[in-house]
Amino acid sequence: MNVAQDQATKCARQCRDVFGNGRDYPGRFILPKQNQGRCADPRAPRFAAAGNAVSNVAEEDGVYGRHALSMSQTVRLSTLGGYPNDVLTGSYNTGFSTKRNPAGSNSSNNDNGSNGFVGGACSRVRKTKLVCTIGPATCKKETLFKLADAGMNVARLNMSHGTHESHKAVIDLVKEYNKTGRGCVATMLDTKGPEVRSGDLAEPMQLERRDTLTFTITEGANGKGGRVSVNYDGFIDDVSIGDELLVDGGIMSFVVKGKTDTDVQVEVVDGGVLQGRRHLNIRGKSANLPAITDKDWLDLKFGVEAGVDYYALSFVQDEYVIREVKKWLAEQGSKIKVLAKIESADSVKALDEILDAVDGAMVARGDLGAELPLEAVPFWQNRVVQGCRRRGKPVIVATNMLESMISNPAPTRAEVSDIAIAVREGADAVMLSGETAYGKFPFRAVAVQSTVALRTEAAMMQYQVRLGGAISCETAQSLLSLSNQPVVLCC
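Keep in mind the model is a prediction, meaning the values are calculated, not measured.

Thresholds, definitions, all that
Residues numbered from 1 in each chain as written. Predicted model: local features only at pLDDT ≥ 70, side-chain atom pairs only at ≥ 80, totals over all residues. Heavy atoms only, no water. Helix = DSSP H or I, 4+ residues; strand = E, 2+ residues; numbered from the N terminus. Buried < 20%, exposed > 50% of the residue type's maximum accessible area, 1.4 Å probe, protein only. Contact = heavy atoms within 4.5 Å. Areas by Shrake-Rupley, 256 points an atom, 1.4 Å probe, with all protein chains shown as cover. Salt bridge = Lys/Arg side-chain N within 4 Å of Asp/Glu carboxyl O. Axes fitted to C-alpha atoms, helices over the stretch in contact; angles between N-to-C directions. Parallel < 35°, antiparallel > 145°, perpendicular 65-115°, else oblique. Left-handed = near helix turned anticlockwise from the far one by under 90°. Nonpolar A, V, L, I, M, F, W, Y, C, P; charged D, E, K, R; others polar.

Draft legend 1. Broad picture of the overall build of the protein chain. Summing up its helical and strand segments, the protein chain has 16 helices and 16 strands in all. Counting only residues that meet the buried cut, the protein chain has 56% of its 491 residues in that class. Contacts in the protein chain between residues at least 24 apart in sequence constitute 72% of all its contacts with a sequence separation of at least 6. Surface summary for the protein chain: the accessible area is close to 20800 Å², and the carbon and sulfur share equals 50%.

Laid out in structure tokens, this is it:
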């Protein structure tokens, strides 16, 4: 086997394990079996290193895992990527170049991965993985390679957009990148799932509060006469008088005032401009559609043929669809892992059963916040993350993490906190959607997300070295000598 083939084989194996589970992958903090589930490290990610140049010895035999912890290993761990002594001194080393942009770096037209926050290539000691959606802004070879060099661990293919040909081109580019030896990036196929959408409009409709509108299952209604078609015949049965109907997760909202066998009459609550083919949600309800549509099955088949590493199934309602897909994959002889997107009212009702069946999960907060009250989203995010952690399965926190960076060169402070909270909760990965698919600053968005994750992980190690009785008191004192901050013994 030549060098290129060996590298390709190695990367294929690492990509399959980037969403690993349990103890069977490099890069995870290992706890003695008797301590797992009792005193677990809050940052014990279930992702493989995905080709990152990480020291398995330093990480697996470091402060969290072995009885025989050598001082040289501890020092090595403490000096990689800002772990842990330089967090408060201002000399935190993320592995990025500290050289700021030349004059004009704040220009909104300059997306070189630096916004005064960070710059350059991503450090290879980051535990939290980055999932990036590939779209028009990043689908070319130059931009995709740059995104991977900046820290992307998983390339997400959104099957709601694009064609099989365009997605195959991205998969081929990812495989080409992996062969270079610069890193290993996995691919994740995200199904469109069953969606309720409005039909095409003759022209956008400006709607004000208390205006009335009719959604109909009759084909051809294009907005004229205040009538808009819907692509789902069961829409009439799903809605009830008094229900709240949301457009694209809440940018517009209606209340249902009446219905007939073919029509649903609504009144505008939050107005705006209604465009064609908008996503419709009924607050607190899931559409009674098949969990996997005919298009989804075609996309899943494409994924097997193209050699993707993961499926992310949209609008999963119960564990049965997971078992169905896994059975089909076994018949195909495929090793693709299956992740469930938790994004509907039905999925949270069957959360434990779904998490038992899947290989991992994604907290898809956009649709989740449309079907549930907004204030319930943080609660369910934490439930999903902790449910996956207890099972030793990976979990991704997704949607709106750096939404403002689609058009702005810097994030809001709330967005930075959102990333840090996900990392502290124990999420194995955070995801970018429109930020890298069609945003103006995809590389800056990746750089921000990577740096915030790194700094949060370093701060957690700084303040909460949870030993769980895994090492001796002498070793604990040695750790204390490496840091001016107290070490918390958690037994």
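Draft legend 2. Up close: the pattern of salt bridges. As enumerated under the stated definition, the model contains 17 salt bridges in all. Note that glutamate 176 is salt-bridged to lysine 141, the shortest N-O span being 2.7 Å. Of this pair, glutamate 176 sits in helix α5 (residues 164-179) while lysine 141 sits in helix α4 (residues 141-150), placing them 35 residues apart in sequence. Residue glutamate 176 is classed as partly exposed on the basis of its relative accessible area of 33%. On the basis of relative accessible area, lysine 141 is assigned to the partly exposed category, the value being 42%. The residue glutamate 267 makes a salt bridge to arginine 210 at a minimum N-O spacing of 3.9 Å. Of this pair, glutamate 267 sits in strand β9 (residues 263-270) while arginine 210 sits in the loop between β4 (205-207) and β5 (212-216), and the two are 57 residues apart along the sequence. Within this structure, Arg156, Asp190 and Lys341 form a network of salt bridges that share partners.

Draft legend 3. Looking closely at the packing of α5 against helix α7 (residues 294-306). For the pair α5 and α7, interaxial distance at closest approach is 11 Å and the crossing angle is 30°. By the angle between their directions, the pair α5 and α7 is classed as roughly parallel. Both α5 and α7 take part in a crossing whose hand is right-handed. Note on element contacts: α7 touches α5 through Leu298, Asp299, Phe302 and Ala306, opposite His164, His167, Lys168, Ile171 and Lys175. Each residue belonging to the contact of α5 with α7 can be placed in one class, and the counts come to four nonpolar, two polar and three charged.

Draft legend 4. Looking closely at the environment of glycine 369. Relative to the assigned elements, glycine 369 resides in helix α11 (residues 365-371). Separated by 119 residues in the primary sequence, glycine 369 and glycine 250 place their C-alpha atoms 8.6 Å from one another. Contact partners of glycine 369, with chain neighbours within four places excluded, come to Arg283, Leu374 and Val377.

Draft legend 5. Quick peek at α4. Residues of α4 that are buried: Thr143, Leu144, Phe145, Leu147, Ala148 and Ala150. Among the residues trailing α4, glycine 151 stands out with phi positive, at a value near 135°.

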